Every structure is written in structure tokens, then in C-alpha cells.
Amino acid sequence: MAEQESLEFGKADFVLLDTVSLEDFMANLKLRPTRQQNIAVIPSRRWKVRSLPHVFVHHEQGEISSVPPVDTKLCWWSGGNHDSQPGLSESYPVFEKGRIYSYIGEVVVSVNPYRAMNIYGRDTIEQYKGRELYERPPHLFAIADAAYKAMKRRNKDSCIVISGESGAGKTEASKYIMQYIAAITNPSQRAEVERVKNMLLKSNCVLEAFGNAKTNRNDNSSRFGKYMDINFDFKGDPIGGHINNYLLEKSRVIFQQEGERSFHSFYQLVKGAPESLLRSLHIKKDSTANDYIKVGGHVKSSINDGADFKAVADAMKVIGFTTDEIQTVYKILATILHLVPYLVLMLCLGYLPALHCIPNVHKRRSEGNLKFGSDGDATLIENTKLVAVLAELLSTKEENVEKALLYRTVATGRDVIDKQHTDKEASYGRDALAKAIYERLFCWIVGRINDVIEVKNYDARIHGKNTVIGVLDIYGFEIFQNNSFEQFCINYCNEKLQQLFIQLVLKQEQEEYQREGIPWIHIDYFNNQIIVDLVEQQHKGIFSVLDEACMNVGKVTDEMFLQALNGKLAKHAHYTSRKLSPTDKSLEFDRDFRIRHYAGDVVYSVVGFIDKNKDTLFQDFKRLLYNSSNPVLKAMWPEGKLSITEVTKRPLTAGTLFKNSMISLVENLASKEPYYVRCVKPNDVKSPLLFEYERCKHQVEYLGLLENVRVRRAGFANRQTYARFLQRYKMISEFTWPNHDLPSDQEAVRRLLQGCGFEQDAAFGKTKVFIRTPRTIFSLEEQRAEMVWRGTIARMRYRRMRAALTILQAYRRYKVKSYIREVNARFRNVGSMKDRGRHVKWPTPPKVLRRFEEALRNIYNRWWAWTLIKGLSPEEKLQVKAKVATLECLKGQRADLGLQRAWEGNYVKRDTPERASSFTLVSSDLQRKDKFMRVLFSCNVRKINRFNKSENRAVMITDRHLYKLDPLKQYKPMKSTPLYNVTGLSVSPGKDQLVVFHTKDSRDLIVCLQGMVPAGESRIGELVGTLLSHFKSEKRKLQVNIANPIQCSMNGRKCTVVVETKINQSQPDFTKSRSGYILAG
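Calculation notes
- For every chain, the first residue of the written sequence is number 1, and numbering continues from 1 onward in sequence order.
- Owing to the predicted nature of the model, reporting of local features is limited to residues with pLDDT of at least 70; listing and counting of side-chain atom pairs is limited to 80 or more, with chain, interface and lining totals taken over all residues.
- Only hydrogens and water are removed before side-chain values are computed, so all heavy atoms of the structure are retained for them.
- Runs of E in the DSSP output that reach at least two residues are strands. Runs of H or I that reach at least four are helices, and both are numbered from the N terminus.
- Think of it in three bands: residues with accessible area under 20% of the maximum for their type are buried, residues over 50% are exposed, and the middle band is partly exposed, with areas taken using a 1.4 Å probe on protein chains only.
- When checking whether two residues touch, look at their non-hydrogen atoms; a contact exists if any pair is within 4.5 Å.
- Each axis is a line fitted through C-alpha atoms, and for a helix only the stretch in contact is used; angles between axes span 0 to 180 degrees, taken between their N-to-C directions.
- The scheme is simple: roughly parallel for angles under 35 degrees, roughly antiparallel for over 145, roughly perpendicular for 65 to 115, oblique for anything else.
- When residues are sorted by character, Ala, Val, Leu, Ile, Met, Phe, Trp, Tyr, Cys and Pro go into the nonpolar class, Asp, Glu, Lys and Arg into the charged class, and all the rest, Gly among them, into the polar class.
- Salt bridges, as used here, are contacts in which a Lys or Arg side-chain nitrogen is within 4 Å of a carboxyl oxygen on Asp or Glu.
- We call a set of buried Ala, Val, Leu, Ile, Met, Phe, Trp, Tyr and Cys residues a nonpolar core when their side-chain atoms join them within 4.5 Å.
- DSSP calls a pair of strands paired once it identifies at least 2 bridges connecting them.
- Definition of a polar contact: a pair of N or O atoms within 3.5 Å, with one able to donate and the other able to accept a hydrogen when the atoms are protein atoms, and with sequence-neighbouring residues admitted only if both atoms are side-chain atoms.

Caption draft 1: Broad picture of the overall build of the protein. Scanning the protein from N- to C-terminus turns up 33 helices and 37 strands. Considering the protein as a whole, with its 1081 residues, one finds that 52% of them fall into the buried category. Of the contacts made within the protein by residues no fewer than 6 positions apart, 65% connect residues no fewer than 24 positions apart.

This is the structure in C-alpha cells:
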């Protein structure tokens, strides 16, 4: 557990400090990652440490030398003769134990170790998987697991905000967090989820290559802001994601600070690409054989660009970039390398030593591969061969490239003219083109990744709620020797994030006590809202003043913008300039202004603010790239299709776009449950051996970490909802285990704490319990551990009992499997048997499968029946259905059902062929009249009329009516009864052919089928089955009675029909009786 770490490493949670002061905080911060050792000194004013353990020292004269590693460690010495050790002001501890993480409640404080550490492997992941924050020593994995559990348990979106200055380790922290989330998800190893996880991880590699660069503070500094949403399904497995990028520092393409490099992608291409690819891009590593690229000496770097090139190429293929798309990316990078100035190009390739080592550096700054000269008033391209190379790389015409570089098309009313550039304008256009192409390439890559990883076809009603974990990795606070528009935007971004931290951690912490009704004394903290307003306030903020300057008609200079700032912000406490502070010689007149940020004072140079905010790129370049024959490049520039005379809305400035994106980002983060990682940078030389006290102290102050500790300590170290508290600790008390019967969860928690003796150390809010001291939590955890151990012993006993049951179950499974295999073996080839397996004997099942055997037999019988009827015609299937209905109704009730013969249905024509034509004519007339579909049954019958006399008649039953016909009058229709009036049938159990049709109006029809050919054929079964099948198809019920005597109604009068057998009577006939009728036959 975190609290049980040895004191040798300090307190794992700053809330546990005995006293809270800046000195105590710093002392604990040093103990976490460091331990005191002997030290040596290096004069900090004359030496710059480049890398360790071999330290490359850059002297004032520009020489580079190497200092070998020594047994003693290094620290800064504040001044004086470096041979004089008494000048050492303090002994700073050095890294050894590797405890780089600590907590402030639920905030992780991370100190960059500047070395590889074996604390991120699979074993470590398993230690933190599913654990609470305080159950293991502080770690990034703990906060990642907490965010994942919050998302999964409470079905609530969460986010992890990683903040700190440049070089503090934010990018690495974000990668480890994503690594952890990928490792703990998808336990079922679903292929689609694995694919999504792989693409999410690979996207980091690609974005770092194109968006990160080596700076003086960081070898892998993010030069853009990245916020990634990872989408999870209802099971907690990642199913996609989305990446938002913010303000790529595209000016780095054409200019870098001393000792820095451009984006990694350029180095990777030149140092890692095969020779064939470089030749196709007109780039050669041999400086003597290349007219376009010349290189100088090599600068030390810890980055392996050659290996990274292959890793990025593989990652792009995994993500889904096509071969043509990857080739287009290389062509765009090569285009920029051919465009940018010569000196900057050398920096891009990583071959240039420090700038001030080269004479006339500022003079050579404007020279380049693409050079412009003049011939009188005309501007010319000096190295014209390069135009052909650019045209080839951009898949466009050479003359179009040359025209776009030298001319600008201007629309004046209806006229369109080509205005030639001056040398300066042409150079500006070249640089703007290089920056714009790279920025558009980067945004296209982000969009292409989003197309692949975004969740598609997700329906919450089908798949469950889609939840999100957001990971924010954005540039840290920056203070350079020359701070321009990019640093201003970056630092504004960090002000917004600090404001969010204050809002959610410090302000809401205190508001929560008030909301829960807990007594509380307010603690003051610095709220940087005043600085945020200074930058983004409408009409008065710096962005608004900058936009006003950019919209003014006429030539507007950076100096005029500074004058406007001085006029509007003269009285602002956090803004000043040389005009407002004439005695401050650290500021230049008409160039510099200073903002007092939460992280310290930063001096900004206004040079370039206007141009960078306008972000102007001549429309000619957009049309040039849109008309490229390369479809990938063409798609990057849709605005190029606009006509030169077409009037468009003024685009938003770069500053306004960035401000809007930051406001949207903060709103998005505020809508989620936030978790924080606060990164601290121990030194400025990227050394794993140095811990600069003042440097870290400054970061602790401006990050507000001490105030965070005070708020947590002055209030309550731990708070949980009542339900969550009970879920974890209910096994401690008899009143709450396994479930309580108290009026509320609050009462249950109160009773639990009373039983443990901790009621005085707790406060009970409306929805949460607040624990004041961590010792109470530790004690509860110990009691819980004891109960868990007792539960473990009980489970062990239970497992032994279950083992015996498992053996029995295994035997039962064996018997079941044996039976299934035997059934399978016996019935495997029944489909090819003549009788479809009717002769196969079923094996005897075990008792547990007796009902299963019945089900199997039913399934087999149904299959056997299906094989019999699958080849029948529709008419034959109707017969089968009718016979089935007869069998279900009359089986065991009558002896002869006629199932062995074919059922014809319409027997009148067959029995009396001499009158068949008359019957056919009458049935056709009735079909036209009554619109019936088919004849179900017809037969000659003997019936009783209303005068109680017997007569020969014929009945014809269709799908709509029951007809009574007179065979002596050419089958003239005598009466028809709608079939819906027929309510039932009655037949006798004997061999006679008596049928009684019951009707709704109590006028039953009593008939006896006769005249069968061959004689003695039984048709009762056919009649009953046909009618039953027809009624069933119409979803109506037909009642069939089998009785002797039969109860019926004649003309509304109840009567009975009795069947009697007479030996000497050849034909059946009806006679009158006292109770009704007698059928003798």
C-alpha cells in the first residue's frame, strides 16, 4: 500500500505531511525521487551541459569539448571560481530510488527522471489493475486505472489532464497512460478491439513524428496540442477514438531557436529513407553531389532518426495509409526541404553546430535553396532548376510554379492583373508556402487517422452507452530567449488549463463542503482568471486588440499593435511595456511587452505578431496546389477552387481560432470527471543526476500544489459516497454485512464508524461521508484486510468442498458427452438411409438427459416428417395437412379414416360421370356468382328434408359456402349456407357415413354420404380433415364431436340421430323416431 512505504522515500501523499509549508513540501519532493550523496560542482554561468554521462560543454568561444563521467555527481554552483568549493550554496540530492510519483489526494505529481525506468512492464500493470489509488505506491497507472474504473463503474465520461512546463514529461506520461488502458482492456481478445487498440497506439508514433521536435528543454517536445478521446463500449473495451489538434508551431519549419531542430519528420526522411526514395525526391546525403542540399557538422542527439523512420512508416501502414498517400507525404516533406532557406535546411538535417559558431549568421539567414534575384525591376529565381524539381514533387506544371512564386494575381473590380513580387515579397511567399504546406499536411494526417479510428455505425440502443476517456497532452508553459506569437498562444493555453485546475480542484473542493453542509473555513488561493481575461476578454483582451489591428485598412505594423496594447492595458496589473515602465531596461522600446503569468513573467516580442495572426497565404499558391494532378494533395486544398473574383467572408484570424478552440476544449474537459497529472521538471539540462531546488520550487509555487495540499488537509483527506463506502467496508460491521436493514446508507455508515470508534473523525454530508485523517482510512483498510483474509480462509474451505463436487460434475459431463457421442454415431448417416433412420435404436440416456432425449426424439421426428413433405407439390401439402388434422381429431375414434388413399375432394364428377358436365357448369356459375376460390369437398348424399322425408341430394363445400344441390335437376342449387355460419361437425364412431353440420341458426344439416365409387369407401375422415385444415388456415375454430346418438337441431327443434345397423339393408336411409331420426344401414 502507498502509505506503508518506507520513510526513506518520503511520504507517498503530500496530504500526510506532519506540517504544511513550502520547505516541508520541497523536502518530501526531494526524498521521493532522490537521496543525498556527495557532489561536485560546475560553474553554471560559463558551462552548458549537453548530455550525460558524457557531458558536452559549450564554451563561450564556441568550442565543443567532452567531460568524461566521474564518480562524484554533478550539481549547479551559483557563481565564482569553479575551483573554489566554498562557494557552493547547497548540496542538492540526486536520483537513485526511482520514486518519481507522489499524490496530493487524487492528483499525481510526477518528476521527470530523464532516464529509462523499469516500472512500466506487464508485472507493474497487473499490480495496479483494478486497485484503488491508495492500495499501491503512487504511479501513473493508478490514476489511469482510477479514470477507467470511474468510466466503467459509473458509466460516466472521464479525462486525464497532464500539465507542466515543456520538458516535464507530459508526452511520455500520456503514452504510458494509453499503454496501460490498452493492456487492461479486451480480456476476451476480440480481433476488432485489438485492431482499434493497435491503431490508437500507433497514432501516437505518427503524430510525434510530424508534430514533435527537439528543443533546448526537451528532445521530444510536443509542438502542437493533442486531445484524444478513447471511446469504450458497455463492456469497457475500446472501440474507437477521436483526436483534436491545436496550434501546430509551423514557424519551426523555417526558423528555430539556437540549438533546436525542426520537426522529427524531416530528419527521419533524410537519415532513414532508402537511397532510391531520396533520389526520387532529389535529395542526396552526399553534399558534393547535391546541388540543392548542403550539409555541415553533426550535432549530438539522443534520437535515432533512422530507426524512427521505419517505425513511422510501419505505423502509417497499420493505421491504413495507402502507398500513394505515404508517397505524397514524402513528396511534401521534400518540397519543404527544397523551399526552406539554406541555413535553416542545415538545421533541419541536424548537421549544423551552434549558430554563433558560424560567421555572418544573420546575413546568411535570408539565403536559401530557392533564391530570388532582380534584373532591373523584375524579380527572378536564381536557381531555376529547382522550379522543375518543385513542379515534379507537387505534380503540377513548371510554369505555374514559377508564376505563383514570382507573381500575385489581384482582382480590381472586373479586371484581373498579375502583380510581380519584390524580392522581399517573394521570400515571404516562399516561407508562407512552406509553413502552410506543412500545417495542412499535419491536419490532413490527423483527419486521416480520425477517419480510421472514429466509431462507426454505433447505436446506443443496440450496443449500449458509449463512454469516453479523454487524454490531454498539450504543450507546456514556455519561456524562451525570444518569445513570439506561438509562445503567447501556448502560455495562454496553459493559463486556461490552470484556471480549469483551480476551478475543479481548489474552488470546487471548497464548494463541495458547502454543498454537503460541512462546516468550513475558506482558504485563499491565486485565481488566474484575471490573466485569462487579459488575453481573451472581448474588446479589451490582447486577442481582440490584435484582431482589430489586423482588420485595419492600410499598412499596420507590429509597433502600432503594441501602441494599441499600451493604450488599452496601461492600468492592468499583469501587463507592462517599456513605454509604461521607462526605467525597465529589460524591455525594448516599440518591441517588447511583459505579462505576469501564473508561472512567471514572460517578455514577448511583437515582431511578427500581425503576420502570424493574419496567417496570410497568397491565393495563387492555393490554386496551384488545388490544380495538382496528385489527388491526395488536391484534396488538402479545397479552397483553391474559388475564382479570383469570388468574394469570400473574411476568415477568422489564427489567434481567434486558437482562442475558440481553447474555450471549447476547457468546456469539454469540464463536462467530464477530471484526473490530474502535474509534471515537474527537475533541471534544465535533461540530466538524470540533478535536482535544482529553486527550479522545482518555482514550479511547485505556480502550479498551486501547496494550496492543493492545504485544501485537502484543512478539510478532509478522503470523501466517498455512502454507497461506495459501504461497498468497500461493509464486511467490517455486523450491522452492514452482507446488507444492512437501516433506514438509509448514511445511517449504515454512521453505525459502521461508531462500531470502529471513528465517529469523531468523520463528518456526514448529504450524499458523502468525509474522513478527516488518513489514519482512519488506514485503520479501516487494515480491518478490511483482516476480514478479507478470514474470507479467504473460508473460500479455501469452500474450494475443497467444491473440488469434490467438481469431480462429480466431471463424471456427469463424461456420461453426458458419451451419450451425445453415441447418438451422433448412430444417427450420423440417417440422411442417406432409405427409411431415414426409423430402424435405428436409440441409446439409453442417463437420468439427467431423459427430458433431453424426449426433445431430441421430437426434433428427429419433425426432421423425418420434413424430409417426407419437402418434395410435395402445394396440392399434396394441402392433403397432408388435412390428413394430419383428421388424425389429430379422429385417431382412436373411428376405424377407417381413409388415410391410405389419395384424397380428391371433388367426388361428384367421379361418382356420376354421366352428369359431370352439368355439375361442372353449375359449379362454374356459382364460382362467378359467389367468388369462391376452390371446391374443398363434394359428394352425393342422403338427407332429411323439412317434412322428415329422405331425399337424394349432393353437397358441395367451397372455401366460402356449403351448397345443397339437386342431382335430379341437373344439380340445381337448392340452398347455400355461408361457411362462417357452420360452427361444428358431428360424426358417429362407427363405419357409417353420417355427418351433421351444425349452424348458428340451429338449422343443422343431417346427411349421409352415399354413392361412393368404389362402394364402401369411407370419406368421413377426408371431410372432417379438409374442413378442419381450412378453418385453421383462416384462424377459426371448428368443433368436431364423435358420438352416437348425435344431438342436433332441426328447424330450431332439438332432436337426436341414432345409427343402427341392419343386415338386409343395402343402402343407408333415415327414418323418423320419437326423439328424432334413425340412420339404418
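Read on, since the account is not over.
Caption draft 2: Geometry of the packing of helix 5 (residues 191-211) against helix 14 (residues 423-453). Following both chains from N to C, one finds helix 5 and helix 14 inclined at 175°, their axes separated by 10 Å at the closest point. With respect to helix 14, the element helix 5 is oriented roughly antiparallel. Two secondary-structure elements touch here, helix 5 through Arg195, Met199, Leu200, Ser203, Val206, Leu207, Ala209, Phe210 and Gly211 and helix 14 through Tyr438, Leu441, Phe442, Ile445, Val446, Ile449, Val452 and Ile453. Considered class by class, the residues forming the contact of helix 5 with helix 14 number 14 nonpolar, two polar and one charged.

Caption draft 3: The arrangement of the pattern of salt bridges in detail. For the coordinates displayed, the defined rule picks out 43 salt bridges. Asp418 is the partner of Lys403 in a salt bridge, and the nearest nitrogen-oxygen pair spans 3.4 Å. With a gap of 15 residues between them, Lys403 in helix 13 (residues 398-406) and Asp418 in strand 17 (residues 415-420) connect regions that are remote in the sequence. Residue Arg942 pairs with Asp1069 through a salt bridge whose shortest N-O separation is 3.1 Å. A residue pair is termed long-range when its members are at least 10 positions apart, and Arg942 in strand 26 (residues 935-944) and Asp1069 in strand 36 (residues 1069-1072) qualify at 127 residues. The structure contains a network of salt bridges with shared partners spanning Arg901, Glu904, Arg910, Asp911, Glu1017, Arg1019 and Glu1022.

Caption draft 4: How the structure looks around the nonpolar core. Among the nonpolar cores identified, the biggest contains 113 residues, and Phe210 and Leu269 are the most heavily contacted of them. Of the residues forming this core, the biggest block, 15 residues, is contributed by helix 14. Ranked by size, the runner-up nonpolar core spans 70 residues in total, among them Val109, Cys159, Tyr492 and Val680.

Caption draft 5: Broad picture of the sheet that holds strand 27 (residues 950-958). Sheet architecture is open: eight strands sit in the order 29-28-27-26-32-31-30-33, paired in mixed fashion. One side of each edge strand has no neighbouring strand; the edge strands of this open sheet are strand 29 (972-978) and strand 33 (1039-1042). In this sheet, adjacent strand axes meet at a mean angle of 30° when their direction is disregarded. Where strand 28 (residues 961-966) meets strand 29, six bridges bridge the pair, whose relative direction is antiparallel.

Caption draft 6: How the structure looks around the side chain of Ser923. One can find Ser923 in helix 32 (residues 916-930). According to the relative accessible area criterion, Ser923 is buried, its value standing at 12%. One polar contact links the side chain of Ser923 to the main-chain carbonyl oxygen of Thr920, over a distance of 2.8 Å. Not counting chain neighbours up to four residues away, the residues in contact with Ser923 comprise Phe932 and Met956.

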